[in-house]
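Examining the three-dimensional arrangement
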Amino acid sequence: MQMRFLFLVFLVFGIIVQCRAQAYLNTPLEILTFMEASPTSYEFEQLYGDIPSQKKQVIPHGTFIKTIEGREHQLSYESTEDAAIKEWKKKARALLGTEKANYKKAQKIFLKCLKKDSTNAQIHTFLAESYLENGQIETANLWFKKAIKLNPIDYLAYWHLAEIHLQKGQIDSALNLITIAHIYNRNHPRLMKRLIEIYKLSRQAYYQNWGFRPKMYLYKDGETIVIAADGIWLTYGMYKAVWQHDSDYQYIKEQQAVTDYLFQQEMEATIGTFMTHNSLKKDDKRQYPAFEAFGKCLDNGSVEEYVMYEILLVNTPSVAYHLTDKFLSKIVHYIQTVRSIDYVGNKKN
């Protein structure tokens, strides 16, 4: 392992430690040493074939965040609506779902709903959609903005605003808005497809030919934690095993004042696996585009954005709803720079 790489990794560790409440990130050797001394029993197993598939969560429209007693809770507008609004909304949507949509009548019903509950951002979005479908772009634009003001995580409103900006020839704004919509619903397949299309229209690229897909999984054999893994992913599995199954390791992290367990776990596991990747590059000739991208992030200081976008938002997409505006902007920049490079090398999206 070259000295420059060691310096770079320790520099990143230092930066993250400073940013993350003085939490210490352990190296792969430290994790292995801990496992050997732990009363928890671990076993390594060579993984053959693919890992068990997991369905990616797509968040339904109408989700919003409400702060109750100082804590943020994820709710749906449907769960807060009374019987009358539910019935009116259903009727209005039915009027729009026919070949000859009755826009004016549907809009009157949506406005009736808003007269009873002016805070329902989903109905604002539905009303805006009706204007957009009827060619009333400027009116739709205003209602979508009202929806976002009420519910800043309304991915559908951002999506439609992107389309409006695209129609107006405002490609940079459209690109920014569709990217925000995508962040707020990371696994939405049609939204992803449209994102790639708009990037192409702007003469930019979004390469979808790779992802952070660890070839490993954990399971219990009696009281033993088994790490089934292939190649460098054994290192990732080691980190996940101690974080998820070892109370002693969890206690250590508690003493380090770690509060954001999901983020800290993935940060530590990803950097540790990257170290293994670099140390074994000469011996393991397989291509790991996820770590080629991660290396770029080490160079440009976007490690946190990588962990959030490539790992956490894929596995737990609702985490996006708690991002600060500043960090959201950083993820937008990350997508437009890091995801614009083909790390696989076949030049296909």
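Residues numbered from 1 in each chain as written. Predicted model: local features only at pLDDT ≥ 70, side-chain atom pairs only at ≥ 80, totals over all residues. Heavy atoms only, no water.

**A few points about the overall build of the chain**
Selection criterion: Helix and strand assignments come from DSSP, with helices taken as H or I runs of at least 4 residues and strands as E runs of at least 2, each series counted from the N terminus. Here's how the labels work: a residue is buried when its accessible area is under 20% of the maximum for its type, exposed when over 50%, partly exposed in between, all with a 1.4 Å probe on protein chains only. Calculation of accessible area relied on Shrake-Rupley with a 1.4 Å probe; when residues are assessed, cover is drawn exclusively from the protein chains displayed. Note on charges: Lys and Arg go in the positive column, Asp and Glu in the negative column, and His and the chain ends are not counted at all. Every charge is mapped onto a representative atom, which is NZ of Lys, CZ of Arg, CG of Asp or CD of Glu.
When you go through the chain residue by residue, the secondary structure sums to 16 helices and 5 strands. With the principal axes as the frame, the chain shows a C-alpha extent of 70 × 45 × 40 Å. Counting the 349 residues in the chain, one finds 51% classified as buried. When the accessible surface of the chain is summed, it comes to about 18,300 Å², and 51% of that surface belongs to carbon and sulfur atoms. In the chain, the 43 positive side-chain charges and the 38 negative ones have mean positions that sit 11 Å from each other.

**Structural notes on the pattern of salt bridges**
Put simply, the rule reads: Any carboxyl oxygen of Asp or Glu within 4 Å of a side-chain nitrogen of Lys or Arg constitutes a salt bridge here.
Tallying each qualifying case throughout the model produces 12 salt bridges. When the shortest N-O distance is used, the salt bridge between E81 and K89 registers 3.0 Å. One salt bridge connects K168 with E138, and the closest N-O pair in it is separated by 3.0 Å. Of this pair, K168 sits in the loop between α8 (155-167) and α9 (171-183) while E138 sits in helix α7 (residues 137-150), placing them 30 residues apart in sequence. Under the relative-accessibility criterion, K168 is labelled partly exposed at 38%. Among the charged side chains, a salt-bridge network with shared partners connects E163, R194 and E197.

**Here we look at the nonpolar core**
What counts is decided by this rule: Nonpolar cores are built from buried Ala, Val, Leu, Ile, Met, Phe, Trp, Tyr and Cys residues. Side-chain atoms within 4.5 Å join them into one set. By the convention used here, residues are in contact when the closest approach between their heavy atoms is within 4.5 Å.
If you look at the biggest cluster of nonpolar residues, it comprises 97 residues, and the most contacted ones within it are I183, Y184, Y306 and M308. Among all residues touching Y184, those that are not within four sequence positions of it are I59, P152, I153, Y155, Y158, A320, Y321 and L328.

**A short note on the sheet that holds strand β4 (residues 216-221)**
For clarity, the threshold we go by: Any two strands between which DSSP finds at least two bridges are classified as paired. To get an axis, a line is fitted to the C-alpha atoms, and for a helix only the part in contact is used. The angle between two axes follows their N-to-C directions and goes from 0 to 180 degrees.
Strand order in the open sheet formed by 3 strands is β1-β5-β4, and the pairing between neighbours is mixed. Of all the strands in the sheet, the pair left with one neighbour each is β1 (41-46) and β4. Adjacent strand axes in the sheet meet at a mean angle of 25°, parallel and antiparallel pairs treated alike. In terms of strand pairing, β4 meets strand β5 (residues 224-229) through 6 bridges, oriented antiparallel. By the bridge assignment, Y219 is partnered in β5 with V226.

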